[in-house]
Every structure is written in structure tokens, then in C-alpha cells.
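Per-entry structural report
The lines below spell out each chain.
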Amino acid sequence: KDDALEVHYQPRCDARTQQIIGVEALARWRDRDEGYISPSEFIPMAEECGLISAIDEWVLSTACRDVLHWYQGERPDISLAVNFSPVQFSRKDPHELVKRILGETGFPGNRLELEITESLFGPDSVGVTGSFQRICELGVEISVDDFGTAYSSLSRLKNLPLHTLKIDQSFVRDLGQDPNDETIVLTIITMAHNLNLSVVAEGVETRLQYEFVRQHGCDVVQGYLFGKPMPADEFEALL
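I will try to describe carefully the structure that is included in this document. Everything quoted here is computed from the prediction, not taken from an experiment.

Most of strand β8 (residues 198–202) sits inside the fold, with 4 of its 5 residues counted as buried. Of the strand pairs in this sheet, strand β7 (residues 164–167) and β8 are connected by 4 bridges, and their pairing is parallel. Following the sheet pairing, K166 is matched in β8 by V200. Where β8 lies against strand β9 (residues 220–222), 3 bridges are found, and the strand directions are parallel. Within β9, the residue paired with A201 across the bridge is V221.

Structural data, given as C-alpha cells:
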């Protein structure tokens, strides 16, 4: 077929050693005429059309199978992060979906991380705690993606079974140029660590950005400086 959804993979590296310790699976849409369509265009459209749940499920299943293929079916040495739409939590049993895919693929739950957008953590997001807890019982970790770009209740962040905050790349972009962004990044790192959460800085593209987040205790870095999203075979070669 000419049009196809694909899964690309971007490395996540230990901020201190720069070793690859994880990978994020990212959906990509390749149009036969226009080439790759930005996720910022097709993901909102998929949410509006009610297709995002099917895309999430396909990406999660495909990514689990790909990572296991890289390791020839053995336990992976890296973690796998997959985006999980807030729409999934409008269903009664998102944990059952995750459990089923882990069972079908054989992927170890304690190597999987689901990335949830910050919009799910506002004051109106009642009822997600139980779903989160059941997902965590599978060994799966939950992270907050694009942290700092939407309103979230800090009291809810404190009480939910979360593991990681991802600093949005819009704050990382101007490190070294905008003192306000430097203050925001430092504040997020400090707050997260005080809540016993790990911190990922996304969108790290320069040595200056990397040195800032590393020196201030960020745990994991992700961005073009360490690798762009790439097809499965390219990431396998990188490993």
C-alpha cells in the first residue's frame, strides 16, 4: 500500500553516561504524495475521528514486538515508552488492553512505560487513580508527557502512582538564552525529585542544553543531539 502508518524509535539516554537506556515509540504517517505528515497534524485528527484508540493499540503492540525482535526474544536491556491517549481512560478497562498486549507479545511489563499527557491530571480528572494503579500492578510505569504545558493539579500528581515527568521541549529549547526557561526547568527537576519522580528532558539538540540539564540533575535526555526518530531497522543497527 502507498499510505502507511509506521512506528519510529528515538533513543533515550542516561544523562550522566549518555548510554542508551530506553526508546520512545512514535507513530508516523507516510502519505504517498506529501511524504511524512507531522504527528501534530494527524494525531488531533485521529482523536476527533475516534481512531486514536486503534492507533495507540497498534503502536503499543508493534513496538513491543519490535523491541523483542531486537533482543531475539530475550528480556530487553532498555525500556520502551509508548504514548497513551487520555481517550483510553474514557473506557472502563485500559489496563485490560495493556495486559492483553503484554500477554500476546510476551513483552515484560516492567520494561514498559506509558506516556500520558498532562491534560489528564487536572482537577476534573477523577476516576483515573484506579486505572493507574491496575496498570502499575502489571509492572508498567506511567510518565507525564510534555510537563509544564497544561494545567495540572500538583495535589493529584502527588497522590497518583507516577514514575516520571518529561520536561516539554519548549522549555529546553531556549536554555542558555532565556533565564525564565532555565528557572522553569530547574524548578521541574527539583520538584520531581522531591516527589521521588525521575525526570526526562526532551528536545535536547545542543551541547549547551545537555550540559544545563545534566548539571542540574536531570536523569534522562532525549533529542536530536542523541538521535532522531528512526525506523525499526535503523534503531536495531544503532543498538
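Q209, Y210, F212 and V213 are the residues of helix α8 (residues 207–215) that are buried. Here the buried residues of α8 occupy an arc of 165° about the axis, which is enough to place them on one side. Its buried side turned inward, α8 meets α6 (169–172), α7 (179–194), β8 and β9. Count one or two residues on from α8 and you reach G217, which has phi positive near 90°.

Once that is clear, we can look at the environment of G109. With respect to the helices and strands, G109 occurs in the loop between α3 (94–105) and β5 (112–117). Once the C-alpha coordinates of G109 and K99 are considered, the two residues, 10 residues apart in sequence, prove to be 8.5 Å apart. Apart from the residues lying within four places of it in its own chain, the contact partners of G109 are L102, L138, G139 and V140.

Conventions we followed
Residues numbered from 1 in each chain as written. Predicted model: local features only at pLDDT ≥ 70, side-chain atom pairs only at ≥ 80, totals over all residues. Heavy atoms only, no water. Buried < 20%, exposed > 50% of the residue type's maximum accessible area, 1.4 Å probe, protein only. Helix = DSSP H or I, 4+ residues; strand = E, 2+ residues; numbered from the N terminus. Pairing = 2+ DSSP bridges. Arc of directions from axis to C-beta. Contact = heavy atoms within 4.5 Å.

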